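# Coordinate inspection notes
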Amino acid sequence: MISLSLSCFTLLAQQTISGKITDSKGAPISGASVKVKSTRKGTSTNNEGIFKIQANTNDVLEITSIGFKTQTITVTGSSDINVSLEAGASDLADVVVTGNRGTPRVRTESPVPIDVIKVNTLGETSAKPDLMSQLNMAVPSFNYNKQSGGDGSDAIDFASLRGLGFDQTLVLINGKRRHLSAFVNEVGTRGRGNSGTDLNAIPEAAIDRIEILRDGASAQYGSDAIAGVINIILKKDVKHLSFNIGGSGYDDHKYNTLNSQDPSQYYTGSRIDGKTFSFGANYGLPIGKNGGFINIGGNFMDQGKTFRAVPDTNWQTNSDALAVSRERRAFGDGSVRSGGGMYNLEIPVGTTKTTFYSFGGYNYKKSNVYAYTRSWGYPGREQPAKFPTDGFGNLVFVPSVMRVLDLGNGSIGPDNVYYNPQEDVYIKDESIAVGFKGTLGNNWDWDISNNIGYNDFHYFGNKTFNAALPVAEQATKTRFNDGGFNFFQNTANLDVTKHFNTVAQGLTLSFGGEFRYEKYKLYAGEPDSYGGTAYDVLAPGDTLQKASGSEGYPGYQPSDATVAHRTNVGGYVDVAVDITKDWLVDGAARFENYSDFGFVSTFKLATRYKITSNFNVRASASTGFRAPTLQQINFSNTNTTVIGSTLVYTKLVPNYSDVAKAAGIPKLTQETSKNLSAGFSWKPVNNFTVTVDGYLISIKNRIVISGLYAQGDPTFGDPATNGTLNNLLVTQGIADAQFFANAVNTTNKGIDIVLDYTKRWGKNHFKALLAGNIQKLTINKINIPQTFKGSASDSATFFSDREQYFLKASAPTSKFSLALEYGINKFAIGTHLTYFGSLKELGFGETSAPTNAPDQFFPYVQLDATGAAVPEIFNFGAKVTTDIYASYKLSKNTTWTLGVDNLFNVHPDRAIVPGSVNPYGSSSFGDSESGGPFEAVQMGFNGMRLFTKLIFNF
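In this text the structure is predicted, and so the values were computed from the model without any measurement.

What follows concerns the overall build of the protein chain. Within the protein chain, the secondary structure is distributed over ten helices and 48 strands. Here the analysis covers contacts within the protein chain between residues at least 6 apart in sequence; of these, 71% occur between residues at least 24 apart. Working note: accessible area of the protein chain is about 35200 Å², and carbon and sulfur atoms make up 58% of it.

Let us now look at helix 2 (residues 131-138). Burial of helix 2 is extensive: eight of the eight residues sit out of reach of the surface. When helix 2 is considered as a whole, its buried residues turn out to be L131, M132, S133, Q134, L135, N136, M137 and A138.

Scanning all chains against the criterion turns up 45 aromatic pairs. Judged by centre distance (5.9 Å) and plane angle (80°), the rings of F591 and F603 are edge-to-face. Of this pair, F591 sits in strand 30 (residues 583-594) while F603 is found in strand 31 (residues 598-612), placing the two residues twelve residues apart along the sequence. Among the residues examined, F603 registers a relative accessible area of 41% and is labelled partly exposed. The structure contains a cluster of three or more aromatic residues connected by ring pairs, namely F158, F166, F183, F457, Y459, F485, Y553, Y556 and F635.

Grouped together as the largest cluster of nonpolar side chains are 33 residues, with contacts concentrated most on L135, F142, L199, I210, I230 and I232. Of all the secondary structure elements, the ones that give two or more residues to this core are helix 1 (119-124), helix 2, strand 13 (169-173), strand 15 (207-213), strand 16 (228-234), strand 21 (354-370) and strand 36 (688-705). Sorting elements by how many residues they give to this core places helix 2 first, with four residues. With sequence-adjacent residues up to four places away left out, I232 is seen in contact with V171, L172, I173, N174, L199, I202, I207, R209 and I210. Core analysis: the second largest hydrophobic core is formed by 27 residues, A182, I633, L668 and I703 among them.

Looking now at a nonpolar patch on the surface. Together, W761, Y822, I824, F827, I829, Y888, L890, W896 and L898 make up a nonpolar patch on the protein surface, roughly 810 Å² of accessible area in all. Elements represented by at least two residues in the nonpolar patch include exactly strand 40 (814-824), strand 41 (827-836) and strand 47 (894-901). Within the secondary structure layout, F827 lies in strand 41.

Turning to the pairing of strand 46 (residues 879-889), a few remarks are in order. Judged from the ten bridges that link them, strand 41 and strand 46 form a sheet pairing that is antiparallel. Paired with Y835 across the strands is V880, a residue of strand 46. Pairing of strand 46 with strand 47 involves six bridges; the strand directions are antiparallel. Across the sheet, residue Y888 finds its bridge partner in strand 47, namely W896. Joining the antiparallel neighbours strand 46 and strand 47 is a turn of four residues.

An order of 22-24-23 is seen for the three strands of this open sheet, with the pairing classed as antiparallel. Two strands in the sheet have a free side with no partner beyond their single neighbour: strand 22 (374-375) and strand 23 (403-404). Relative to strand 24 (residues 417-419), strand 23 is paired through two bridges, and the arrangement is antiparallel. Bridge pairing in strand 24 links V404 to V417.

Let us look at the sheet that holds strand 13. Picture the strands of a sheet paired through backbone hydrogen bonds; they go either parallel or antiparallel. The five strands lie next to each other as 10-15-16-13-14, forming an open sheet whose pairing is mixed. For this open sheet the edge positions go to strand 10 (114-117) and strand 14 (176-177), each flanked by a neighbour on one side alone. Relative to strand 16, strand 13 runs parallel, the two being bridged by five bridges. Within strand 16, the position partnered with T169 by the bridge is G228.

On the surface, K674, K700, K781 and K789 cluster together into a patch of positive charge. The residue K789 is located in the loop between strand 39 (764-782) and helix 9 (792-798) in this model. Judged by relative accessible area, which is 47%, K789 ranks as partly exposed.

The full count for this structure, using the stated rule, is 38 salt bridges. The closest approach of N and O atoms between E929 and R192, which form a salt bridge, is 2.9 Å. Taken together, the residues E929 in the loop between strand 47 and strand 48 (945-953) and R192 in the loop between strand 14 and strand 15 connect sequence positions 737 residues apart. Just as E929 is buried, R192 falls in that class too. With its nearest N and O atoms 2.8 Å apart, the salt bridge here joins D693 to R618. One end of the pair, D693, is in strand 36; the other, R618, is in strand 32 (residues 615-626), and 75 residues separate them in sequence. Across the pair, exposure class does not vary: D693 and R618 are buried alike. Here the salt bridges share partners, and the residues they tie into one network are E514, R516, E518, R566, R590, E592 and D596.

Counting buried residues along helix 10 (residues 801-808), six of its eight residues qualify, which places the element largely inside the surrounding structure. For helix 10, the set of buried residues is D801, R802, E803, Q804, F806 and L807. Where helix 10 is buried, its residues meet strand 36, strand 38 (736-761), strand 39 and strand 42 (839-842).

Quick look at the environment of T669 now. Mapped onto the elements, T669 comes out in the loop between helix 7 (658-662) and strand 35 (671-685). Each C-alpha atom of the pair T669 and N701 lies 8.0 Å from the other, and the pair is 32 residues apart in sequence. Apart from residues lying up to four places away in sequence, T669 is in contact with F597, P628, I703 and N742.

Another point: unusual backbone geometry. Non-glycine residue A504 carries a positive phi angle of around 50°. Here the phi dihedral of N825 falls at roughly 55°; this positive angle occurs in a residue that is not glycine. On the secondary structure map, N825 appears in the loop between strand 40 and strand 41.

Let us look at the pairing of strand 41. Here strand 40 pairs with strand 41 via ten bridges, running antiparallel. By the bridge assignment, E821 is partnered in strand 41 with G830. In this structure, the hairpin formed by strand 40 and strand 41 is closed by a connection of two residues, where N825 is found at a positive phi of approximately 55°.

Attention now goes to the confidence of the model for the protein chain. Residues with a pLDDT of 70 or more make up 88% of the protein chain, whose mean pLDDT is 86. Counting interchain partners and residues more than four positions distant, the pLDDT-below-50 stretch residues 1-13 has 61 contacts. Taken together, the stretch residues 717-721 has pLDDT below 50 and engages in seven contacts with residues farther than four places along the chain or on a different chain.

Position of N953 relative to the elements: it lies in strand 48. Counting along the chain gives 710 residues from N953 to F243, while the straight-line C-alpha distance between them is 6.8 Å. Side-chain polar atoms of N953 contact the side chain of H240, separated by 3.3 Å.

Rules behind the numbers
Residues numbered from 1 in each chain as written. Predicted model: local features only at pLDDT ≥ 70, side-chain atom pairs only at ≥ 80, totals over all residues. Heavy atoms only, no water. Helix = DSSP H or I, 4+ residues; strand = E, 2+ residues; numbered from the N terminus. Contact = heavy atoms within 4.5 Å. Areas by Shrake-Rupley, 256 points an atom, 1.4 Å probe, with all protein chains shown as cover. Buried < 20%, exposed > 50% of the residue type's maximum accessible area, 1.4 Å probe, protein only. Phe/Tyr/Trp six-rings, centres within 6.5 Å; stacked < 30°, edge-to-face > 60°. Core = buried A, V, L, I, M, F, W, Y, C linked by side-chain atoms within 4.5 Å. Patch = residues over 30% accessible without salt bridge, like charges linked within 9 Å, V, L, I, M, F, W, Y side chains within 5 Å. Salt bridge = Lys/Arg side-chain N within 4 Å of Asp/Glu carboxyl O. Pairing = 2+ DSSP bridges. Lys, Arg positive; Asp, Glu negative; His and termini not counted. Charge placed at Lys NZ, Arg CZ, Asp CG, Glu CD. pLDDT = per-residue confidence, 0-100. Polar contact = N/O pair within 3.5 Å; in protein donor to acceptor, adjacent residues only side chain to side chain.

As structure tokens, this is what we get:
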């Protein structure tokens, strides 16, 4: 039963209705939906059950709340109306605020597709302890891949919408822009050249819901919103304590390294590895008597490592076998320990119509991952240059770091010693937003705010060596400060909204401005992390140079260090008009000026038409942009390697450098887009909703990282600049260089499908959710600078076939998830089925292309049996994973859940070309991006995962 008390104020024909919704015990209900039935405009109650809505006399208000039947109330002059609702099936159509400036709308009646994700419900029925992987299973076009062997990418998780880049989706918290991570993905990782927002730095316990706008929205929100917007709405609950405790672990009975024929060949853990403990808590307190509150939520997670390898090494006789992975003896997920909290606060200012608000938080994460394996005797003579030696070139064995293969004779020799450098990454994330919002005379709503965000990303080499240090220090110094980078963002906003009931069937005018300041800093590591006696040799009389710098991830050098700033000023106007009761049109325009690259403008037009009361069609057209991040403009990294007997340096060159200018690399500018979408929403019955939306996104000047170009290449560059460029490379000691560039134009087209059904009867309930995405990305043009058109080889290297395939593999060609749950009384069971479509990647190539091959620069490998050259294409076929769970309500306040993710232990296909796995030949063995048996694709490679959780609500 619900008691509804309304206090109405008459203003001409229009009234501002304010009221409070409570349950039968008088407790307020937050999040209840209240909407005007004739116009479908609506709002929702706050944490005290209070709402405000404008309506005319005789309008019908429709009130819905989960667990109760829908009720309607006619607006009259009465100031006190009591309504009783019977408990029963809910017909709640979520009210969303994302994409609608000032006027919340029912989700299914929005002119653009919006998903509403209830985070707590999602996390309670999955082994996945982090927000990113949970969303990956729930949102049709959301894509995320866990990295392995990607240095810093192993420590942080980014995601994308609709197969686009990590930084082409804007993230908001309570409608305010969230800062980016300081990290930018490098070569060897998903989304290389992209930065992004770390959603896992936002504690799930503090989140009420997530609204995901799957449409271009740059004209409404600014840079980055090409693919869409993820708006994280924080909780407003008061006097409600909730916390949960969970544990999980992987039981991969096939690829766990303990199942290998010879486990001593690998790093190993336990039969159940990747053990994870998670804890979350949330509580809120009321402030004053006018609806003020503070809500605080926090999470802690401790996750262990996993180790994976193909168990059978008899590759000569078994087609399912692979040789020992000498380059990735510790392949798997790294360990992560993270914790943080977030608060959400609102305080009405006296009896005025003004409210002070603030939200923010802190998150800390420490990750430990293994880099590629260093082996004393493999391959060739390059590896000894990465080990500590005495003055005569003899190995100095360090038991705390190195490992010995079991050769059966107990010896320690050049053929059986190896180590895997470890990389410790420390990430700090801080944010705080403050603001005031209220209503001026004649109902002009306003909101002024300032939002600060900071992210610091710091590398340390651990249990590793710098083999070029003085002999006395080579074996004793095993930890290095490698340096890092941080990013600071300050955003100030003013937003004004006014609703005009007398224009057509209602018009909402919104306008505002934004000022943003950004600062990026890359700081060098300690000298021992990158330096050393570069020309020190392995032994007297030997010409092999020792590799300088911390093995695994060499420190950033002073020449890499930089500090960069910029500002941005922008303004927007957004007009939404209900031309009739059935036809909505929404238009927006935005104008921005960046201090580093200039002026941009974007526009959007969206519409929705109600064919019938339960069937809407919708469409939108927009232009968008994404400003190059300071991370992309200023990032620089120098790596060392030994080729032949010579130590060489490869450098990812910053865009501002003299080397980039001499190479003819243009100054980075904005990516621009054109978005088209069309679809429909249909509600055939009260509890069943269908939405289908197609989209077409064309992007020009996508920022990517180029291929490597060698010093002294006679075909490298325009003759007019080649001498200058090579002189710079020689002077700066750079053997190979690569660059950030606006190099690629793409088109992405696809379709999103969501079917949502909920049924309640008696003490029973049934839920079904099918969400799917089908997409295809096409590369329309590669913008090769003139400097790199000196030869076919240079042109092919700039954005190679391999990089093109990698970009296209940003998401599977299709992904569908089906969630089913049935419950009776205190017991519920459910399943999540996820279908991951196929995708393809290329290797690096180990042999020359046949002379008759149409593309002489396409990567090829040799078949083991015949030696014939075949294209090195890794085919990852479609897969289905099955998750199951059961929950039981132990008491009024306690629920126990247990289940299994990936019940049938499904793995992606191995990253090989079948029939080309000879570790001593020109084969595909170990030639993938990760260097291990699997790539970072689709569902991940860790296998079956067991979990249990206890959920408490008071």
